[in-house]
2 protein chains.
Amino acid sequence: MRLLDLLLGRKLANYEGEERKIGAFEGVPALGLDGLASSAYGPEAALVILGAAGAAGIGRIGPIMIAILVLLGMLFLSYWQTIAAYPTNGGSYTVARENLGACAGLVAATALMIDYVLNVAVGISAGVGALTSALPALHPYTLQLCLGILALITLVNLRGTLEAGLLFSVPTYLFIASFGALLLYGLANALTSGGHPAPVVAPPQMPAASEAVTLWLLLRAFASGCTAMTGVEAVSNGVGAFRAPSATHAHRTLAGIVLVLTALLAAIAYLATAYSVAPMDQSEPGYQSVLSQLAAAVVGRGSLYFIAIGSLLAVLCLSANTSFAGFPRLCRQVAQDGYLPRGFALPGRRLVYSIGILWLAVTAGGLLTAFGGITDRLIPLFAVGAFLSFTLSQAGMAVHWKRQLHEQEGGRNGNCGRLAINAAGGVATAISLAVILAAKFVEGAWITVLTIPCVLALLLLIKRYYAQIDHQLIEEGPIAVEDLRPPIVVVPIADWNRLAERAIRYAWRLSPDIVAVHMTRVEGPDSEEHAGLLRRRWRNDVEQPARAVGLSPPRLVQIPSPYRSITGPLLNFILETRRQAPRRAVAVVIPALVQAHWWDRLLHTGRVRRIRATLLRHGGPDLAVVTVPWTLAEPRPEAVIAEEEPRHQRPAQQREREVEAAK
Amino acid sequence: MRLLDLLLGRKLANYEGEERKIGAFEGVPALGLDGLASSAYGPEAALVILGAAGAAGIGRIGPIMIAILVLLGMLFLSYWQTIAAYPTNGGSYTVARENLGACAGLVAATALMIDYVLNVAVGISAGVGALTSALPALHPYTLQLCLGILALITLVNLRGTLEAGLLFSVPTYLFIASFGALLLYGLANALTSGGHPAPVVAPPQMPAASEAVTLWLLLRAFASGCTAMTGVEAVSNGVGAFRAPSATHAHRTLAGIVLVLTALLAAIAYLATAYSVAPMDQSEPGYQSVLSQLAAAVVGRGSLYFIAIGSLLAVLCLSANTSFAGFPRLCRQVAQDGYLPRGFALPGRRLVYSIGILWLAVTAGGLLTAFGGITDRLIPLFAVGAFLSFTLSQAGMAVHWKRQLHEQEGGRNGNCGRLAINAAGGVATAISLAVILAAKFVEGAWITVLTIPCVLALLLLIKRYYAQIDHQLIEEGPIAVEDLRPPIVVVPIADWNRLAERAIRYAWRLSPDIVAVHMTRVEGPDSEEHAGLLRRRWRNDVEQPARAVGLSPPRLVQIPSPYRSITGPLLNFILETRRQAPRRAVAVVIPALVQAHWWDRLLHTGRVRRIRATLLRHGGPDLAVVTVPWTLAEPRPEAVIAEEEPRHQRPAQQREREVEAAK
């Protein structure tokens with residue numbers, strides 16, 4: 001446990017939850033890295049498509065970026081409204097479920113989950129890809145680097161969202177500052193030179209046109225550019241991570257992320273045309289990304305260039321962190337509604353949903369390993385989920401405002417405006433989704449389209465499973481108080497020793513009707529038997545002392561077990577007992593050596609565990625299994641309590657406050 | 001379980017044990033394959049050493065083979081006597097332990113165990129090596145072939161020694177018959193041609209001499225040739241596998257094996273000189289083994305040649321089978337004495353010691369995998385163990401006869417003769433052991449010398465472990481009958497439902513003192529609480545109905561758990577309870593959903609298992625855990641009983657006989 005303390009930090013109490021929550025400063029690195037990193041690949045993705053039409057195509061980046069920024073603005077407004085309307089949790093799942101029904105909510109949740117997992121794999125592998133193209137010596141270690149970064153992000157997030165936000169704030173703010181300075185300098189140059197600044201390092205030649213500028217080309221460029229928007233929904237999914245007033249902190253974080261992202265995207269698009277930067281083919285040697293060309297053109301390959309590109313690489317690698325903040329919180333909500341195993345809803349030692357974090361790490365690690373750390377083929381699968389959940393969230397909000405309008409709550413005009421914003425946002429994201437699907441369906445978006453119903457079916461099956469159990473267990477009336485005679489106690493014993501003595505003594509405490517059962521021949525045909533000896537000892541050491549003090553002496557039954565099984569004859573004996581006394585409960589008292597070390601497991605046969613499991617599974621409802629322990633090492637309850645509840649670290653008044661609150 | 005039935009055959013009852021035992025016919029393939037296969041490599045190993053001295057060296061194979069055969073004869077006589085003296089089990093372990101003390105017995109057992117494991121790895125890889133040199137196309141699949149044959153032998157032996165003997169009898173007797181015919185024909189040729197028969201296919205040239213014929217060379221040749229004797233001890237270790245009268249059947253088997261082996265060795269040595277067969281370098285292309293050259297020289301490469309060489313390959317591959325008969329029986333004896341985990345002493349569904357078989361398969365498989373199926377380097381480690389156990393066994397028998405002589409049992413002369421035989425055998429094997437150690441120490445025998453004390457230490461540690469437990473558990477006097485008041489029952493509940501109702505009802509059956517414990521806040525800081533609702537339901541649905549019929553109403557205690565732990569506060573509560581009532585026992589009644597399918601495990605948190613384990617380990621001796629089950633699927637006790645005890649396959653009179661015998 002010391003190792004866990006070291007790796008994850010000490011166990012946190014519930015009342016420390018509020019202190020663990022984040023503000024806008026930690027919120028941007030914790031929830032915004034994905035969004036900010038998008039600026040590195042969104043414009044480039046659009047430019048690559050446009051590049052097919054040569055300089056004429058690349059000249060169209062302006063209108064396309066304006067369309068993307070308008071869409072981003074609509075998303076910003078509508079998520080702002082969502083956070084205000086759902087200040088405890090405004091994720092697409094909640095919004096869609098509450099306004100469009102459970103099924104729409106689950107579709108949104110599924111789409112988001114898939115997107116979060118893909119984001120981890122794609123984000124890390126893209127970051128490592130950029131890193132290894134900068135430092136080719138690292139190329140053979142691509143997969144190891146990917147898994148190492150994944151492990152780092154997982155570990156930091158298991159320590160808590162606060163830690164992740166603080167630790168990753170250095171590269172985040174360094175990235176914002178350095179690129180901000182660089183782009184501002186570039187803009188100043190462009191303005192002073194009348195829109196045609198001289199590059200310090202000249203970008204390569206424009207590619208020759210191989211296609212005409214068609215509407216289809218522009219739509220595809222828009223669809224590719226839309227990847228710049230993924231990650232914007234993370235804040236609304238993670239409202240639960242912010243300290244009170246959570247809506248205010250979430251609003252600030254969202255505003256910060258969108259503002260920086262908008263500025264970056266606009267500046268990049270403008271400067272790319274001003275400096276005549278053209279996308280290069282990534283599979284050719286000497287490839288330079290658009291941002292790298294741009295930075296070199298503005299300031300040359302000096303120290304600012306290396307700081308900016310270095311922090312960009314770090315932000316790309318760490319962009320997976322957004323998923324680690326969003327995915328576990330989403331899973332927790334879905335699990336609370338019964339659509340995921342309950343473990344996803346339980347906070348771990350650091351008050352984060354550890355099972356969700358681990359599950360995300362395992363799935364993404366599996367994807368990375370399966371693709372050897374090169375996940376280019378996964379990128380087309382990527383934006384579908386995000387835009388599907390955008391659309392459902394907007395539609396849900398539109399229905400929400402419409403309902404408010406009917407109920408005449410809030411100002412009529414205000415609600416009308418809000419409805420208009422969300423409706424427009426919904427239509428815009430729906431159109432974008434259609435464009436993305438059409439443009440990327442064959443390239444891989446069909447995989448997402450196929451995966452969503454599969455995950456959905458799984459969630460519904462899990463829900464049905466829990467619903468059945470809940471239905472079985474629901475208790476309406478008062479407790480039944482008849483048929484409460486003591487049980488018939490059956491004690492399987494292997495030999496007469498202190499273990500058996502302790503079990504028989506415990507049985508006497510529970511009931512006057514006790515039968516000890518001894519299976520003979522369980523050691524096989526060639527073994528010596530001590531059945532007669534046991535019978536003699538039973539008479540002398542059990543029956544006589546019992547009679548002497550007027551206790552009812554337990555019977556000893558010896559049953560030959562030709563097939564060397566204990567469970568078989570024992571179950572048979574219990575069925576027989578029940579046939580003779582149908583309304584009596586049965587308690588099987590099992591004397592058990594309790595294992596204290598790992599080697600104990602190797603040196604014992606695990607019989608007790610198997611017998612107990614079979615009896616519980618097949619013994620019927622009126623049978624209980626009483627395990628009477630014999631521990632092989634001294635019990636240390638205080639150590640367990642201290643480990644589970646590190647109370648000494650807690651001020652006394654807080655403890656009292658808690659006891660009060662529970663009353 | 002259907003799959004297990006298909007793979008391993010139906011479960012066998014104890015009374016079928018006698019029918020499952022083997023006679024001499026199955027004994028030779030079951031226990032003699034290692035011994036017989038030795039004829040393939042023993043003479044060749046000696047010839048390889050002698051070949052360094054050229055034709056002059058190879059001419060000395062006669063005297064060396066005579067020395068080996070004399071030693072074999074002595075081993076035969078002394079093992080014959082051992083089987084007669086220890087008709088239930090005459091393995092080196094038993095003989096050494098009973099006559100030389102426990103430590104000597106364990107050394108013998110350790111040496112044998114190591115030898116058995118090595119024999120499996122070396123036997124299979126040597127066989128596969130011979131096979132792939134005959135069919136080079138198979139060479140890339142060496143390791144797969146090795147593991148496949150290992151799996152086959154393991155499976156057949158898990159089905160039972162009888163099956164192994166029957167299945168492997170075909171190649172065994174085919175080998176004996178074909179080589180018998182071939183060698184007889186060669187002998188007839190040699191005799192009719194005055195000792196210089198004309199070869200059908202001429203063997204290659206004699207190698208040139210690179211060394212002189214020295215005593216050291218002859219000793220090394222003898223030491224290498226001694227590998228021809230490994231496997232002879234297997235019969236005495238496996239006496240338990242024979243049907244009554246076991247000594248007679250074991251004698252016949254031993255005689256059969258040694259007779260065939262002697263004939264083969266003598267004929268091979270004689271014919272090798274007569275036909276001028278010389279050993280070839282195994283690492284050169286076109287390598288032919290001595291037996292292959294010999295067979296080709298006698299009958300040419302016709303059908304008899306291929307039958308003989310084919311059956312030899314099969315016998316080599318299957319020679320590992322001897323270990324599978326001997327190792328589990330040896331482990332069983334050692335485990336019965338407490339030096340190995342008890343599972344090794346339990347017969348499996350087919351009345352063989354399955355754990356020993358599986359352990360042998362796993363260790364040998366590990367060795368094969370580690371060495372990629374090429375275990376040449378293990379061969380020098382090999383004969384040390386066998387000769388160490390030979391020596392200890394002979395020495396033990398000598399002490400045995402000496403004691404008999406003192407006690408004047410049996411005829412004085414007879415015992416004198418027996419003593420002489422075993423003493424001579426012991427001296428001879430001790431000298432051989434010294435020679436083997438000296439000749440092979442650097443090549444690898446030191447590994448065996450180092451491994452033996454490590455295994456020995458492990459066995460002694462295991463014994464000490466069991467002795468401590470036995471000492472703890474031993475019960476001398478009558479059972480204590482005071483302090484038998486009903487326990488205080490603690491029922492941890494999560495909610496008021498049928499599961500909790502069933503647990504409280506069961507608690508009422510056991511004791512009037514019941515406390516229900518409900519931990520609040522275990523779901524984390526952001527969860528909704530239903531503590532108040534539970535208190536209301538408790539008053540209405542539990543306390544009121546109980547009072548109405550005069551039952552003592554169970555108390556409900558709600559404890560806040562700020563660290564979300566259930567075990568910590570529960571243990572704390574139990575410690576508190578015990579402080580207030582120090583002499584009362586405590587029973588914790590745990591309501592448990594019982595899992596019926598594999599997916600149940602994924603959908604539940606496994607909390608019950610963890611709580612039970614911690615309470616049993618740290619709750620102290622007067623605490624018992626009562627598990628009250630709620631099964632998620634219908635119980636099927638009859639199915640379990642039918643699977644554990646397939647009684648329908650058993651005639652009625654046998655069943656009665658068993659019940660009689662148990663009385």
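Source: prediction; values computed, not measured.

Colleague: What is the right way to look at helix α15 (residues 321-336) of chain B in this model?
Modeller: For α15(B), spanning 16 residues, the distance from its first C-alpha to its last is 23 Å, which sits close to the expected 22 Å at 1.5 Å a residue. By the criterion of burial, α15(B) is predominantly enclosed, with 15 of the 16 residues buried.

Colleague: Got a minute to help me understand the relation of the copies chain B and chain A in this structure?
Modeller: Each of the two chain copies can be brought onto the other by rotation about an axis and movement along it. Once chain B has been moved 0.0 Å along the axis and rotated by 180°, it coincides with chain A to within an RMSD of 0.1 Å. On the angle and the small slide along the axis, the relation comes out as a two-fold axis. Minimal C-alpha distance to the rotation axis in chain B is attained by B:Val626, lying at 2.1 Å. With an isologous cut-off of 70% or more, the 100% of interface residues of chain B that recur at the interface of chain A puts this contact in the isologous class.

Colleague: Before we go on, may I ask you to explain the interface of chain B and chain A in this structure?
Modeller: Taken residue by residue, the interface counts 95 residues in chain B and 95 residues in chain A. For the side of chain B that touches chain A, the element with the highest residue contribution is helix α19 (residues 498-510) of chain B, accounting for 9 residues. Residues of the side of chain B that touches chain A, tallied by class, amount to 56 nonpolar, 21 polar and 18 charged. Of the pairings in the sheet, the one linking strand β5 (residues 623-631) of chain A to strand β5 (residues 623-631) of chain B comprises 3 bridges and is antiparallel in character. For A:Thr627, the partnering residue across the bridge sits in β5(B) and is B:Val625.

Colleague: Honestly, the confidence of the model for chain A in this entry has me stumped. Any pointers?
Modeller: The predicted coordinates ought not to be read in detail in places where the model reports low pLDDT. Residues and elements named next belong to chain A. Of the residues in chain A, 96% have a pLDDT of 70 or more, and the chain-wide mean is 88. Per-element mean pLDDT across chain A ranges from 47 in helix α26 (residues 652-662) up to 97 in strand β1 (residues 488-492). Scored below 50 in pLDDT, residues 648-654 shows 4 contacts in the model against residues more than four places distant or in partner chains. Here the predicted complex carries an ipTM of 0.87, next to a pTM of 0.87.

Colleague: Sorry, what's going on with the sheet that holds strand β2 (residues 514-520) of chain B here?
Modeller: The strands making up a sheet are joined through hydrogen bonds of the backbone, oriented either antiparallel or parallel. In space, the 10 strands of this open sheet follow the order β3(A)-β2(A)-β1(A)-β4(A)-β5(A)-β5(B)-β4(B)-β1(B)-β2(B)-β3(B), with mixed pairing throughout. Looking at the sheet topology across the chains shown, the edges are occupied by β3 (555-560) of chain A together with β3 (555-560) of chain B. Here the strands of the sheet are splayed against their neighbours by 30° on average, with no regard to which way each runs. When β1(A) meets strand β2 (residues 514-520) of chain A, the two strands line up parallel, connected through 4 bridges. In the strand pairing of β2(A), A:Pro492 is matched with A:Val517. Docked against the sheet, helix α20 (residues 498-510) of chain A engages β1, β2, β4 (586-594) and β5 of chain A together with β5 of chain B, running at close to 150° with respect to β4(A). Along the sheet face, helix α22 (residues 567-580) of chain A touches β1, β2, β3, β4 and β5 of chain A and points at about 165° away from the line of β1(A).

Here is what the cut-offs are and how they apply
- Residues numbered from 1 in each chain as written.
- Chains lettered and ligands numbered in written order.
- Predicted model: local features only at pLDDT ≥ 70, side-chain atom pairs only at ≥ 80, totals over all residues.
- Helix = DSSP H or I, 4+ residues; strand = E, 2+ residues; numbered from the N terminus.
- Expected span 1.5 Å × (residues − 1).
- Buried ≥ 20, exposed ≤ 12 C-beta atoms within 10 Å, placed from the backbone.
- Least-squares fit on C-alpha atoms with pLDDT ≥ 70 in both.
- Contact = placed C-beta atoms within 7 Å.
- Nonpolar A, V, L, I, M, F, W, Y, C, P; charged D, E, K, R; others polar.
- Pairing = 2+ DSSP bridges.
- pLDDT = per-residue confidence, 0-100.
- Axes fitted to C-alpha atoms, helices over the stretch in contact; angles between N-to-C directions.

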